[in-house]
Amino acid sequence: MKMLKIANTVVLTLSNLLALGAERIPVGGQAVIEGVLMRGPRKWGLSVRRPEGDLWSTSWRNLPWTAAGIWKYPVFRGMATMAEMLTVGMRALSQSAQVALGEEEKITPREMILSVIVALLAVVGLFVAFPVWLADRVAPLLGASGLLKHLVEGMVRALVFIAYVGVIGLWKDMARIFAYHGAEHKTINAYEHDASLVPEVVARYSRIHQRCGTSFLLIVVAVSVVVFSLAGGGPLWWRALSRVFLLPPVIGISYELIKWSCRAGRTGELLMKPALLLQYFTTREPDLEQIAVGVASLQAALEERESSPVAAPERPEE
């Protein structure tokens, strides 16, 4: 069961290629197992709730992949951010699993590798090959061809992801990860509004955030309709493979759209509204202890000096 939980979390991490490059405040994050990962201007911060109840926190330097070369230019910077988030996200997920599961359920490197392999196969199978296969069968029934066929494929891909999130959200362990996702959003919203980073204050803020990766996913689906149409026809294996290779430029273009929406004020908010609704599936209302983890993670990311794993503040009183 622990491998299944990790595999599902990896799938969400792969789907959560969020646009962390905010124009005003470069802060973003993601939920991990019993914890939250945050990125600050200069550092990454990670906080995890131990089985004993106390907090474990650490931080390390943030060296953006978009700082130099071709990767600092539009579209390419989105690809670099994707690679950076996958690398850092897997590191944080591995650390959170080791801390949160405790010594008795300590996961081995072999189990982690198997979990990642299962997750990658699930992503390729569920979100790449299956939508292509199903669109081939549904499109003729609707009389769709060309760009309309790709639109059907994109809609299937979005529906498959929503169904997947809905099903795994029924699992208690995954519901807790979704609550940590909500804690991450509340913490960032409070920080961006210059509020006091006290769990009781942070709890008043929304669990929905404009730069979330699940909102980003729907933008990816919309952009993919156009970009994937450039690959043309061919057998199923070729079309599925072409989508894997075309995913980086799709991510890059989608990243730029997210950045634009963050700068466009009310117009950007209105255009992003349908995508924001998806966050009600991928977040839950967190309790004060989960919010405390998000706050500790952000504080670790905002510290000027690097730190070693340490015990963070005690659990808030109920």
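Residues numbered from 1 in each chain as written. Predicted model: local features only at pLDDT ≥ 70, side-chain atom pairs only at ≥ 80, totals over all residues. Heavy atoms only, no water.

**Student:** I'd love a proper account of the overall build of the chain, names of residues and values included.
**Tutor:** Regarding its fold elements, the chain presents 11 helices and 5 strands. Relative to its 318 residues, the chain shows a buried fraction of 53%. Taken as a whole, the chain presents about 14,800 Å² of accessible surface, with 64% of it coming from carbon and sulfur. (Helix = DSSP H or I, 4+ residues; strand = E, 2+ residues; numbered from the N terminus. Buried < 20%, exposed > 50% of the residue type's maximum accessible area, 1.4 Å probe, protein only. Areas by Shrake-Rupley, 256 points an atom, 1.4 Å probe, with all protein chains shown as cover.)

**Student:** Provide a residue-level description of the nonpolar core, including the pertinent values.
**Tutor:** Of all hydrophobic cores here, the largest spans 46 residues; its most connected members are Leu37 and Leu46. A per-element tally of this core places helix 2 (residues 76-101) first, with 8 residues. Residue contacts for leucine 37: discarding those within four places in its chain leaves Gly28, Gly29, Gln30, Trp44, Gly45, Leu46, Trp60, Val88, Gly89, Ala92 and Ser297. (Core = buried A, V, L, I, M, F, W, Y, C linked by side-chain atoms within 4.5 Å. Contact = heavy atoms within 4.5 Å.)

**Student:** I'd like a description of the packing of helix 3 (residues 109-142) against helix 8 (residues 236-263), backed by residues and values.
**Tutor:** Their axes nearest at 9 Å, the elements helix 3 and helix 8 cross at an angle of 135°. Here helix 3 is positioned oblique relative to helix 8, judged by the angle of their axes. At the point where helix 3 passes helix 8, the crossing takes the right-handed sense. Contact residues: Val128, Ala129, Val132, Trp133 and Asp136 in helix 3; Leu236, Arg239, Ala240, Arg243 and Val244 in helix 8. A class-by-class count of the residues in the contact of helix 3 with helix 8 yields 7 nonpolar, no polar and 3 charged. (Axes fitted to C-alpha atoms, helices over the stretch in contact; angles between N-to-C directions. Parallel < 35°, antiparallel > 145°, perpendicular 65-115°, else oblique. Left-handed = near helix turned anticlockwise from the far one by under 90°. Nonpolar A, V, L, I, M, F, W, Y, C, P; charged D, E, K, R; others polar.)

**Student:** An account of a nonpolar patch on the surface is needed here, citing residue identities and associated values.
**Tutor:** Nonpolar side chains collect at one region of the surface, where Val124, Trp237, Trp238, Leu241, Val244 and Phe245 lie side by side and expose about 620 Å² of accessible area between them. A per-element tally of the nonpolar patch places helix 8 first, with 5 residues. (Patch = residues over 30% accessible without salt bridge, like charges linked within 9 Å, V, L, I, M, F, W, Y side chains within 5 Å. Salt bridge = Lys/Arg side-chain N within 4 Å of Asp/Glu carboxyl O.)

**Student:** Before we move on, can you summarise the pairing of strand 1 (residues 28-32) with the specific residues and values?
**Tutor:** A large share of strand 1 lies buried, amounting to 5 of its 5 residues. Side-chain alternation along strand 1 places Gly28, Gln30 and Val32 on one buried face and Gly29 and Ala31 on a second face that is also buried. Two elements, strand 1 and strand 2 (residues 35-39), share 5 bridges in a ladder whose sense is antiparallel. Bridged to alanine 31 within strand 2 is valine 36. As consecutive antiparallel partners, strand 1 and strand 2 are separated by 2 residues, and within that stretch glutamate 34 has a phi angle of approximately 55°, a positive value. (Pairing = 2+ DSSP bridges.)

**Student:** So what's going on with the environment of glycine 45? Which residues, and what values?
**Tutor:** Turning to its location among the elements, glycine 45 is positioned in strand 3 (residues 43-49). In this structure, the C-alpha to C-alpha distance between glycine 45 and glutamine 299, residues 254 residues apart in sequence, is 7.4 Å. Those residues in contact with glycine 45 that sit more than four places away from it in its chain are Val36, Leu37, Met38, Thr58, Ser59, Ser297, Ala300 and Ala301.

**Student:** Lay out the pattern of salt bridges in plain terms, naming residues and giving numbers.
**Tutor:** Where charged atoms from two side chains of opposite charge approach closely, those side chains can pair. Applying the stated rule across the entire model yields 9 salt bridges. Between glutamate 34 and arginine 176 there is a salt bridge, with the nearest N and O atoms lying 2.7 Å from each other. Of this pair, glutamate 34 sits in the loop between strand 1 and strand 2 while arginine 176 sits in helix 5 (residues 172-192), and the two are 142 residues apart along the sequence. Taking the relative accessible area as the measure of exposure, arginine 176 reaches 30% and is therefore partly exposed.

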